[in-house]
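Geometric and topological summary
Each chain, written out:
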Amino acid sequence: MSAQQNALAAPRQGLNMRRFLDDWVMVLAALGIFALSAIFIDNFLSPLNMRGLGLAISTVGIAACTMLFCLASGHFDLSVGSVIACAGVVAAVVMRDTESVMLGVSAALAMGLVVGLINGIVIAKLRINALIATLATMQIVRGLAYIFSDGKAVGVMQEEFFLYGNGSLLGVPVPILITILCFVFFGWLLNYTTYGRNTMAIGGNQEAALLAGVNVDRTKIIIFAVHGLVGALAGVVLASRMTSGQPMIGQGFELTVISACVLGGVSLSGGIGRIRHVIAGVLILAIIENAMNLKNIDTFYQYVIRGTILLLAVIIDQLKQR
Amino acid sequence: MLQHVNSGDSLRFNGIGKTFPGVRALSEISFEARPGSVHALMGENGAGKSTLLKILGGAYAPSSGDLKIGPRTLVFRSAGESIASGVAVIHQELHLVPEMSVAENLMLGHMPSRFGVVNRRAMQQQARELLKGLADEIDPATRLGNLSLGQRQLVEIAKAMSRNAHVIAFDEPTSSLSAREIERLMAIIGRLRDEGRVVLYVSHRMEEIFRICDAVTVFKDGRFIRTFEDMGALSHDELVTCMVGRDIQDIYNYRPREQQGEALRVEGLLGHGLQVPVSFSVSRGEVLGFFGLVGAGRTELLRLLAGLAPHKAGTVQLDGQTLKLRSARDAIASGVLLCPEDRKKEGIVPLGSVAENINIGARGRNARLGCLVQGRWERENADRQIRALNIKTPSPDQQIVYLSGGNQQKVILGRWLSMPMKVLLLDEPTRGIDIGAKAEIYQIIHDLAASGIAVIVVSSDLMEVIGISDRILVMSEGAITGEVTRDQAEESCLLQLALPRTRG
């Protein structure tokens, strides 16, 4: 018995350090990149640029919070880019026709919720692969955005609507506030609610979760429904910033969101994911993009650099697990 | 590809050690396995046998020490290096692709081809050659997934032999084989030995060890304990005592219990895997054993009771109330809890911690406002179960995959003990678990029954069923073929009832 205890009491000091690094390495990397940019790039720390950086983080950051839940449960959602565009269009069209901001925002959020519910039900109940299911809704919803808007940007006249995108509280722009609230709320949701823990268990081993009494189907449907709703929220904020609903925006946005999550350390195969991974991934992508813009690096090269960083990050992650 | 393997070479382990995060799996393992002999590795689960085989197969790099095959000193950094040095390890989980044909599996990595186009005929021909004498009846064109587990094992062995490996290691090869397949495997192992190869053999089954092995090395807690070279002078009890480190006269530790009235009554139940309506009942405080051969329908019966498969006819009553069993959640809500046969696939969440795996079931009913996780309650509950069930883990936060099979099983029991339980369904509760942990699990089963829970145990281990059950039902071909009370239970009569016979 005591021999057994001794055998198990292997070196733990090194383990804790290792675990700490595993958990925080991407956050440290984000801070490092921030520090380097601050030192080497003029105007990086200027209030105007910081505000721009914050706004750049906001749309991806909001959508990444719930993408984290999709990925942690072992799925993903490709329809979020279309949902963002369609939400902006729906909000703008409803406001144009009813002149009610309240109704416009509600309609946009309801649209997102319905798309998410459809995704969730098709994936959980009909057992359709998430790639195919959300690839289909991605195209359907994009099409609807064009249909509702007649293919053109729909302008918004209501002043109160611009509060979501251009307002500020205590000097902090509202989109940034919403993003921070999302990080806190969804981080808490993942760690401290049965819904969050069940999400992790489903991603870790769906069969075991089912046998342990977790309501797997319902949890999955909620994951996608919430993701649809939050995607629509990001779309409303974006439309408010641009003062119009544009059916063509957000193409490829879903891949940026997934890249940010994976870059931060969320596992594509499910079961591993924390909100700090998401924050780190979103920050790294945004800071690098911002730095490249300040340095006037050609957009064409920016694609190559972003792709390379993502590839390096996942390779490092893979090596770490050996 | 094969490097200078001489048939007279022996295999030596030189101070092999392996450390995982938080666990020292092996330390200072040194012993020699001679050519032309079958060398058994024994020890409780978690003793380090499988880890040693993984090091031999190149799946893990050792933290210290090295291997010697003949005069060559080796440390394998990959499976490829191990194979190139003439080693074949046949793991418990077979490394085969179920969707491909037998021939493709056998020739994987070196299919006969021209400009990348596979020559199917040559491949089938070569595959047939490889199977000759081993499993002539297997058609190389069959999809591997259509073969029985035993046949797949033979394919894996054929694959190992195709590389003309000098060292062949078997990790619990007989755990999923039928009696006939075991006979064939024994003959093959005998042949490998006579050809002068080094055969390593890991098994928990004593009769196999005494039958085919020429030497036994015993491990405990990741340490080398002793090698017995003279099997003739070694007694069964001596070996067990060496493994467990204590005498175990009666690991089942059965004591009579008071039965407190009927708990579960099953009437005319029909569903997937059952050919004839099944009826039986089990009382509070009773341990009801289900014995039968693999495929007799016992696992399917438990899955029906656990709500995992829909029943086509019949009723299940608990305390006089008819249960609705449309999902696992229905069964769990009624207090009917299942510990599944395949722990890895259906039991544990491998990425999760021990505490996470204990609390996953009870979390929902202890959450505040239906959704807020009670952190303190969960920590206390995890500590309580770890203590109560003697789960060996450095901390509740340890990832569960680093625990041995027996301790993983105890974690799943702890999960159910955290919840209201009326009927406990155990499917092969001690499969792949060492003797020490088995005894602990039998004790837990006894205590649960004594506290008024109805326990149903499905097992293919005859001694176990007889040892722990108050009453035994035997199943064969999807039907209950007999009922035997504890005092009448005899191996021969149970086996007789379990054997398939053609019904008129």
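Overview of the structure. (Residues numbered from 1 in each chain as written. Chains lettered and ligands numbered in written order. Predicted model: local features only at pLDDT ≥ 70, side-chain atom pairs only at ≥ 80, totals over all residues.)

Judged by pairing direction, the sheet is antiparallel, and its four strands sit side by side in the order S14-S13-S16-S17 (chain B) without closing on themselves. Both edges of this open sheet fall to strand S14 (278-283) and strand S17 (321-322) of chain B, since each of them pairs with a single strand only. (Pairing = 2+ DSSP bridges. Helix = DSSP H or I, 4+ residues; strand = E, 2+ residues; numbered from the N terminus.)

This paragraph deals with the packing of helix H3 (residues 47-72) of chain A against helix H11 (residues 216-242) of chain A. Residue and element names in this part refer to chain A. Interaxial distance between H3 and H11 falls to 9 Å at its minimum, and their mutual angle equals 175°. Between H3 and H11, the angle is such that the two are roughly antiparallel. Touching Ser-58, Thr-59, Ile-62, Ala-63, Cys-65, Thr-66, Met-67, Phe-69 and Cys-70 of H3 are Ile-223, Phe-224, Val-226, His-227, Val-230, Gly-231, Leu-233, Ala-234, Val-237 and Leu-238, all from H11. Here the contact of H3 with H11 is composed, by residue class, of 14 nonpolar, five polar and no charged. (Axes fitted to C-alpha atoms, helices over the stretch in contact; angles between N-to-C directions. Parallel < 35°, antiparallel > 145°, perpendicular 65-115°, else oblique. Contact = placed C-beta atoms within 7 Å. Nonpolar A, V, L, I, M, F, W, Y, C, P; charged D, E, K, R; others polar.)

Okay, helix H4 (residues 120-131) of chain B next. Residue and element names in this part refer to chain B. Between its first and last C-alpha, H4 extends 16 Å over twelve residues, near the 16 Å set by a 1.5 Å rise per residue. Among the residues making up H4, those that are buried are Met-123, Gln-124, Ala-127, Leu-130 and Leu-131. Considered in projection along H4, the buried side chains sweep an arc of 120° and stay on one side of the axis. Looking at the buried positions of H4, the neighbouring elements they touch are helix H3 (102-107), strand S8 (117-118) and helix H5 (149-162). Trailing H4 by a residue or two, Gly-133 shows a phi angle of about 85°, which is positive. (Expected span 1.5 Å × (residues − 1). Buried ≥ 20, exposed ≤ 12 C-beta atoms within 10 Å, placed from the backbone. Arc of directions from axis to C-beta.)

Glancing now at the pairing of strand S21 (residues 471-476) of chain B. Residues and elements named next belong to chain B. S21 sits mainly inside the fold: five of its six residues count as buried. Pairing of strand S15 (residues 287-292) with S21 involves five bridges; the strand directions are parallel. Paired with Leu-288 across the strands is Arg-471, a residue of S21. Alignment of S21 against strand S22 (residues 479-485), held across six bridges, turns out to be antiparallel.

The next point concerns the nonpolar core. One finds A:Ala64, A:Leu68, A:Cys261, B:Leu425 and B:Val455 to be the most contacted residues of the largest nonpolar core, which totals 245 residues. Top contributing element to this core by residue count: H11(A), with 15 residues. (Core = buried A, V, L, I, M, F, W, Y, C linked by C-beta atoms within 7 Å.)

All names here are of chain B. Structurally, Leu-293 can be placed in the loop between S15 and helix H9 (298-305). Assessed through the 17 C-beta atoms surrounding it within 10 Å, Leu-293 is described here as partly exposed. In the structure, Leu-293 is positioned 68 residues away from Gly-361 in sequence and 31 Å away in space, judged by C-alpha atoms.

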